[in-house]
Amino acid sequence: MTDPTDRTDPTETTGTAETDPPVDAPRGTLGDHGPIAVSTAPGIPAFDAHRPPSAELASDCVHCGFCLPTCPTYVLWGEEMDSPRGRIYLMQAGLDGEPMTDAMVGHFDACLGCMACVTACPSGVQYDRLIEATRAQVERRHRRPLRDRLLREAIFALFPHPRRLRALRGPLAAYRRSGLQRAVQRSRVLDRVSPTLAAMEALAPPVRPAPPLPARVAARGERRAVVGMLTGCVQREFFPRVNAATARVLAMEGCDVVIPRRQGCCGALSVHNGREAEAQAFARRTIDVFDAAGVEHVVVNAAGCGSSMKEYADLLADDPAYADLARRFAASVRDVSEILAELGPVAARHPLPVTVAYHDACHLGHAQGVRAQPRDLLRGVPGLELREVADADICCGSAGIYNLLHPVAAGELGDRKARAVLDTGAELLVTANPGCLMQVAASVSRMGGRIGLAHTVEVLDASLRGRTPAQLTRELALATPEPTGGASAGDTPTGTR
Amino acid sequence: MSTDTGTRVEHVAARLRTELGDDAVITDRARLRTYECDGLAHYKVTPAVVVLPRTTGQVADVVRACVEHGVPFVARGSGTGLSGGALPHAQGVLLVLSQMRDVIAVDPDDQRAVVQPGVINLQVSRSAAPMGYYYAPDPSSQQICSMGGNVAENSGGAHCLKYGFTTNHVTGLELVVPDGSVVRLGGRAPDPPGYDLMGAFVGSEGTLGVTTEITVRLTRAPEAVRTLLAAFPSTDEAGGAVSAVIGAGVVPAAIEMMDALAIEAAEAAVHCHYPEGAGAVLVVELDGPAAEVEAQFVEVERHCRDNRAFEIRIAADEAERALFWKGRKSAFAAVGRISPDYIVQDGVIPRTALPEVLRRIAELSRGSGVRVANVFHAGDGNLHPLVLFDDGVPGEAEHAVQVSAAILDLCIEHGGSITGEHGVGMDKAKHLPRMYTDDDLDTMQMLRCAFDPAHLSNPGKVFPTPRLCGEIPGRHKGPHPLQTAGLAEVF
Amino acid sequence: MVRGAKDDVSGVRPRLVASPASTEEVAEVLRVAKERHLAVVACGAGTALGWGAPPERADLLLDTRRIAGVVEHAAGDLVVTVRAGTPVGELQAAVAEAGQQLALDAPYPEATVGGTLAVSTSGPRRLLYGTARDLLIGVTFVRADGVVAKAGGKVVKNVAGYDFGKLLIGSFGTLGVITEAVFRLHPLPAARRVVSATFPQASTAGRAALAVLGSQVVPTAVELAGPADEVRVTVLVEGVEAGVSGRTDAVVRLLGRGATIHDELPAGFTALPFTPGGTGIKVTASLTGVGPVLAAAHSLGAQHGVDVDVRGSAAGVLHAGTGPAADPAAVARLVDRLRAAAALFGGSVTVLTAPADVRDVVDLWGPVPGLDLMRRLKAELDPDRRLSPGRFVGGI
């Protein structure tokens, strides 16, 4: 018998810990092959009946652990609950009736959604579908602390809206006065946001109005395809040159490029963060816009957008009006490197003697399985030397808005990636996602390193147009800033020596 | 009484919070549940406390706290074990070593590396690769299994045929003994004086203490590696080829066999494009000095053809070699693609008994209607039959368990072992008496008693019944004192 | 049944000698010994009976030589089961008929399998094949209380239960009496070449040896031997003829000018540099420590006026011998200083055998990490301290 006053309770469970601490859970019988019983869960079950994570998909996991070394949060922290295997376990616990505690939500939130685990899994577990379903449940059923809610609302009031983003493109002081500050209101939250946004601002091209792209760019030479082009949110406002390069390259390779004016956000950020209804609305609108444009393929140059557009069929599966349409649309989506590989090169490549480190954006490599095409395109440029980055399958920490929500973890991952990139000694870092470019750039500059930054199509564009490496770097959307001065660095791209 | 044990472990948790900090001690229910099982997921026990130490000193703090309060502890690395060896104790502390993951030294001149127990096996080879060295033991899970776990399990791997197991490559260990003291055994030099405690510790499955630092031998990367994939009409011919190769005095780095069902699974998972219509494939790898490898490779090829291999592919480059291996190394998890559930066995037989045992397994499978896929290290007779079943279909699991047990019987009948590399753990403890007499087991447990008289280090694993340390064998009657204390159970 | 001085265990003469012919008979002998409280010293051919510290008591000498013969040679499995009293030379001859070998050099070919395991001797080939601990896959032994136990089995891959064989190897008969052993075998190589060269200093010889270890030659053995100003490096290359010649050339290039190629092993290649009645020392070091420790042995010998014969494997194990006439105090100082030198390279010095006057003034074992655990192990297996009491580390 123990004296109740003497009893220290080290647990943090949200249940009635005093009467039912985990240490008092009935023991399993350690006998034959039978599974071990665990105590009944306290509280309300984590998931409701509206599209919970599939128990069947979760049970595909055989707990082999092959996902662990590819998971960025496991690499950082080495804890089971911050690994794909652990998160699936938490989902199963939730399906078994465990309540959705702050701790549980914290581990779901910490997932970058990089999908490296999906690539690594020998059993074919569809973690992407599991985490998406889980996130939607979390958004609906879990009340986050006020601070987190405000931050999330601020982000979603900003990023999927190109015009609001444009308001941020001014000098740092200008955006501090902008709608973000009013939306966030609390200075602690702003502090949390500002380092990343400050870096982003520093890395953004000089404040010149981006020349609007025409609604249609005609194919050079023989027309081989009619494609629509997604201009994206961040891409359009922060990297307009990438869009321009994409349109030029596609045209030079024989595509009529249709660029619908009315297009908006594809919904990627929303779907990756469990904002299901919002994501569905964005998806319907995107489908409508391109459906009306009459194109064979929808070409995307931002990995995150392409990956979620390819999943519209899932997102709208329960919508009778859109299910079929979404399936057809999803099948027509191509990353720009994919369509170029499918079409095959016709335009002449001019030599571009530059060393390039290619970084696989998670939503291109892991989510879309597009790894060979961009490399082949780069290798097709005469004089270009392609170098691989060590630990290529580990996320850089950008992961959509992850670097805003989890700046510390994202910063550590960015630094790891930056170190691996700098170790290649390449002059230029090439990748297919704006988030990755900003993320790695921030780390490179923090570490005092220097490297040029470009999207795959910008390199290709330079080759097709016969630019020299010096001209390319001058034209590039990005280069890491001088380690000392942030805001003016964009004026003098300094990628190559 | 459970309240007592519960209170004791709470005291330990409180003390460890003070000593190691809140971040290192987990008692939250949901988090604890993610540590319920290792790679053998049908055994589940929620630990009372999970502790994540970062230093040897902290591991010693944990062990001391446990010993002083009579609380059991279980060490865990990456949780990839296949015998339930890291299954937690419900009233105990789970010591998770995944944060002790520094490669402390890589010294090519001494051909040694010094690592912490949470370092991943493959990381050792990666660290040594720039100097032209690697760490030879290569379990199929080498991309994630931890070195501490390898030491506990004496892990093997495909290339252990030529290079030996973990025990042949560990030259030094730092241990926290179950009394909380820190002991260093061996080091960079061979043959330390005294009993070879290090040799006994490797493979002791966490029952003799916790390893906190490991010194391993590094092996010079071979000048040449040649890999071939040979397809045979059936496992009989493939087995014949294995015997012929070994009989000719060739010691390949690895000889791996997969049967038709295993090939089907691997094909579904990783599209390894093995030859169509093969009843069995062999992956044979030779490594060493180039001229030596060339000469022996010709011989291996000839033995394969003589044994009716209908297609032989020779890896032209590293990519093709990787593809040959990918099919083999992913086979376990890949079986998940052709069957909802499966049991992996790890029996060993003398190599020459291969054809006979494989035929008997096929008969068992036909007779029971339970499908068995065979993937194994043919060179050293280590079988990994994957017994397939669907837990959703009533009765299938029981049938699978029966077939699985019958396969182990076959191994023992042929003078083999119940486990070649996965360990006894929780899963096979009940089978150990089929290999060893009571006297054998009693003797082994004298070693346990020397290290861990209170049976606090991974209790309930390996041995079906604990020995009362200091007892005269066979004299005690009634419940074992450890049972009454809630520390041990009878099976 | 007292026989003679040759049955002395380091000067202690047992009153009784037993010669059982089987495991069961050993068990019977040990049960009787237990009842009568007799201290037992197990012995094979007696080649290392003078090794270790003198036992505190030795009432019964247990001669294992009648427990002899190969039980089973499973050639197709490259495994042999052999009784402990079988001479290693006989075992080698038996398996050689099938083109196989136990890849363990025995410095004394007449030594028995059990004795070889109990004192864990090794030789040049340890570089490639390791030692007894890497080759023993199963063992049967009899405990102090007469209980027969076995560990391991007859398959090369086996992780069921504790690897008790490891504990018996090198335990000097203090944990139990080995009666049967199962070994993994290796094919006898088809071709062999020996390359040797001499160096004017141990340090350069050590560097040459390291160069061979770091190359792609994969030698079976790399030995260093000889006086301080003429250290000979001998490299054994084995394999198929097609490969051996090229590898031999590579060794010649690594050892430099003056390297010579031979088809046969030099005489006494596997012998220890010990002289009867003299002191025999084992010195270990990391690979990079071999050259420096060899140099230290030479210079310490000169410094203390002791004539030292040192040789050994580049794998990190050297043996040193001094004559019976060496000054005990000088030998003791040499051991101390050499111990300090070896410790710099993670190594140790143990005095395997020595005349009484040297034993009296020297620390035979040096520091033994884990000694407390070893004592606890001994107490579990032999609580009455009746198996070779006092013969092993820390007076175990």
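Bear in mind that the values here come from a model prediction, so they are computed numbers and not experimental data. (Residues numbered from 1 in each chain as written. Chains lettered and ligands numbered in written order. Predicted model: local features only at pLDDT ≥ 70, side-chain atom pairs only at ≥ 80, totals over all residues.)

1. Some details on the overall build of chain B
For chain B, the count of helices and strands is 16 helices and 18 strands. Along the longest, intermediate and shortest principal axes, the C-alpha atoms of chain B span 65 × 55 × 45 Å. Sequence separation of 24 or more characterises 70% of the internal contacts of chain B that already satisfy a separation of 6 or more. (Helix = DSSP H or I, 4+ residues; strand = E, 2+ residues; numbered from the N terminus. Contact = placed C-beta atoms within 7 Å.)

2. Overview of the overall build of chain C
Scanning chain C from N- to C-terminus turns up 12 helices and 18 strands. Relative to the 2.2 N^0.38 estimate, which gives 21 Å for 396 residues, the radius of gyration of chain C is 21 Å and therefore close to what a compact globule would have. Over its C-alpha atoms, taken along the principal directions, chain C stretches across nearly 65 × 55 × 35 Å. Every one of the 396 residues in chain C was classed for burial, and the buried ones make up 61%. Partitioning the contacts of chain C with sequence separation of at least 6, the portion at a separation of at least 24 is 70%. (Rg over C-alpha atoms; globule rule 2.2 N^0.38 Å. Buried ≥ 20, exposed ≤ 12 C-beta atoms within 10 Å, placed from the backbone.)

3. Side note on the interface of chain C and chain B
Across the contact, 69 residues belong to chain C and 70 residues belong to chain B. Looking at the side of chain C that touches chain B, the elements that each hand over two or more residues are α5 (132-135), β8 (148-152), α6 (164-168), α8 (241-255) and α12 (371-381) of chain C. Residue composition of the side of chain C that touches chain B, by class: 34 nonpolar, 23 polar and 12 charged. (Nonpolar A, V, L, I, M, F, W, Y, C, P; charged D, E, K, R; others polar.)

4. So, unusual backbone geometry
Its identity as a non-glycine residue notwithstanding, M115(A) has a phi of 70°, on the positive side. The residue M115(A) is located in the loop between α4 (102-109) and α5 (116-120) in this model.

5. Regarding the pairing of strand β6 (residues 355-358) of chain A
If a strand is regular, its side chains alternate between the two faces of the sheet. Sheet topology note: the β6(A)/strand β7 (residues 385-388) of chain A ladder contains four bridges and is parallel. Within β7(A), the residue paired with A357(A) across the bridge is R387(A). (Pairing = 2+ DSSP bridges.)

6. Here's the deal with the sheet that holds strand β12 (residues 224-232) of chain B
All names here are of chain B. Strand order across the open sheet formed by seven strands is β15-β12-β14-β13-β17-β18-β16, with antiparallel pairing between neighbours. Pairing within the sheet leaves two strands with one partner each, and these edge strands are β15 (311-314) and β16 (341-344). Each neighbouring strand pair of the sheet contributes to a mean axis angle of 15°, computed without reference to strand direction. The pairing of β12 with β15 spans four bridges and is classified as antiparallel. Looking at β15, one finds that L229 is bridged to R313. The sheet contacts of helix α10 (residues 290-306) involve β12, β14 (280-288) and β15, and relative to β14 the element is tilted by about 160°. (Axes fitted to C-alpha atoms, helices over the stretch in contact; angles between N-to-C directions.)

7. Considering the sheet that holds strand β4 (residues 70-74) of chain C
As a general point, the strands of a sheet are linked pairwise by backbone hydrogen bonds and lie either parallel or antiparallel. All names here are of chain C. Sheet architecture is open: five strands sit in the order β4-β5-β9-β7-β8, paired in antiparallel fashion. One side of each edge strand has no neighbouring strand; the edge strands of this open sheet are β4 and β8. Across the sheet, the axes of successive neighbouring strands diverge by a mean angle of 10°, strand direction being ignored. Examined bridge by bridge, strand β7 (residues 136-142) and strand β9 (residues 177-184) share six bridges and lie antiparallel to one another. Its bridge partner being in β9, T140 is matched across the sheet by E180. With respect to the sheet, helix α2 (residues 88-96) is in contact with β4 and β5 (79-83), its orientation differing from that of β4 by roughly 35°.

8. Remarks on the packing of helix α23 (residues 407-423) of chain A against helix α24 (residues 434-446) of chain A
Geometry of a packed helix pair, given as the angle between the helix axes and the separation of the axes. Residues and elements named next belong to chain A. One can describe the packing of α23 onto α24 by two numbers: an axis separation of 8 Å at closest approach and a directional angle of 80°. Here α24 runs roughly perpendicular to α23, going by the angle between their axes. Counting all contacts with α23, which are made through A410, G414, D415, K417, A418, V421 and L422, the residues of α24 involved are Q439, V440, A442, S443 and V444. Of the residues contributing to the contact of α23 with α24, the split by class is seven nonpolar, three polar and two charged. (Parallel < 35°, antiparallel > 145°, perpendicular 65-115°, else oblique.)

9. A short note on the pairing of strand β6 (residues 112-115) of chain B
All names here are of chain B. Residues of β6 alternate between two faces, with R112 and V114 on one and A113 and V115 on the opposite face, all of them buried. Sheet analysis places strand β5 (residues 103-107) next to β6, joined by four bridges and oriented antiparallel. Note on β6: the bridge partner recorded for D107 is R112. Linkage of β5 to β6, two consecutive antiparallel strands, is achieved through a turn of four residues, within which Q111 is found at a positive phi near 55°. Sheet analysis places β6 next to strand β10 (residues 210-217), joined by four bridges and oriented antiparallel. Looking across to β10, one finds that V115 is bridged to I214.

10. Some points on the packing of helix α7 (residues 202-213) of chain C against α8(C)
Residue and element names in this part refer to chain C. Relative to each other, α7 and α8 sit at 145°, their axes nearing to 9 Å. Two packed elements cross with a definite hand, and for α7 against α8 that hand is right-handed. Facing A208, A211 and V212 of α7, the residues of α8 in contact are V251, L254 and L255. Of the residues belonging to the contact of α7 with α8, the class tally is six nonpolar, no polar and no charged. (Left-handed = near helix turned anticlockwise from the far one by under 90°.)

11. Structural notes on α10(B)
With 17 residues, α10(B) ought to run about 24 Å at 1.5 Å a step, and its terminal C-alpha atoms sit 24 Å apart, in line with that. Turning to α10(B), its buried residues are E292(B), V293(B), Q296(B), F297(B), V300(B), H303(B) and C304(B). End-on view of α10(B): buried residues confined to an arc of 125°, all on one side of the axis. Facing away from the buried side of α10(B), by more than 90 degrees, are the exposed residues V298(B) and D306(B). Elements in contact with the buried residues of α10(B): β12, α8 (235-247), β14 and β15 of chain B together with β13 (231-239) and α8 of chain C. Looking one or two residues past α10(B), R308(B) carries a phi angle of roughly 70°, positive in sign. (Expected span 1.5 Å × (residues − 1). Arc of directions from axis to C-beta.)

12. Details of the environment of V125(A)
All names here are of chain A. By the secondary structure assignment, V125 is in the loop between α5 and α6 (127-141). Taking the C-beta count within 10 Å as the criterion, V125 has 25 such neighbours and is therefore assigned buried. In the structure, V125 is positioned 182 residues away from S307 in sequence and 18 Å away in space, judged by C-alpha atoms. Filtering out sequence-adjacent residues up to four positions away, V125 remains in contact with L57, D60 and C61.

13. Some thoughts on the confidence of the model for chain B
Residue and element names in this part refer to chain B. Confidence in the prediction of chain B, expressed as mean pLDDT, is 92, and 95% of residues score 70 or more. Per-residue pLDDT stays below 50 along residues 472-478; that stretch engages in three contacts with residues further than four places along the chain or on separate chains. Contacts of residues 487-491 to residues separated by more than four positions or lying in other chains number 20 contacts, the stretch itself having pLDDT below 50. (pLDDT = per-residue confidence, 0-100.)

14. As for the environment of Q445(B)
Residues and elements named next belong to chain B. Looking at where Q445 falls in the secondary structure, it is placed in helix α15 (residues 438-451). Given 24 C-beta atoms within 10 Å, Q445 falls into the buried group. Not counting residues up to four positions away in its chain, the partners in contact with Q445 are F463 and R467.

15. Observations concerning helix α3 (residues 56-69) of chain B
Given 3.6 residues per turn, any residue in an α-helix points the same way as the ones three and four places further on. With 14 residues, α3(B) extends 20 Å between its outermost C-alpha atoms, agreeing within 8% with the 20 Å of an ideal straight helix rising 1.5 Å per residue. Looking at the residues trailing α3(B), positive phi occurs at G70(B), about 65°.

16. Considerations on the environment of A302(A)
All names here are of chain A. Position of A302 among the secondary structure elements: in the loop between β4 (297-300) and α16 (303-309). Given 32 C-beta atoms within 10 Å, A302 falls into the buried group. On a C-alpha basis, the gap between A302 and T231 in space is 8.7 Å, while along the polypeptide they are 71 residues apart. Residues within four places of A302 in sequence aside, it is in contact with G232, Q235, N433 and P434.

17. Remarks on the confidence of the model for chain C
Within chain C, residue pLDDT values average 95, and 98% of them lie at 70 or more. Among the scores for the predicted complex, ipTM is 0.97 and pTM is 0.89.

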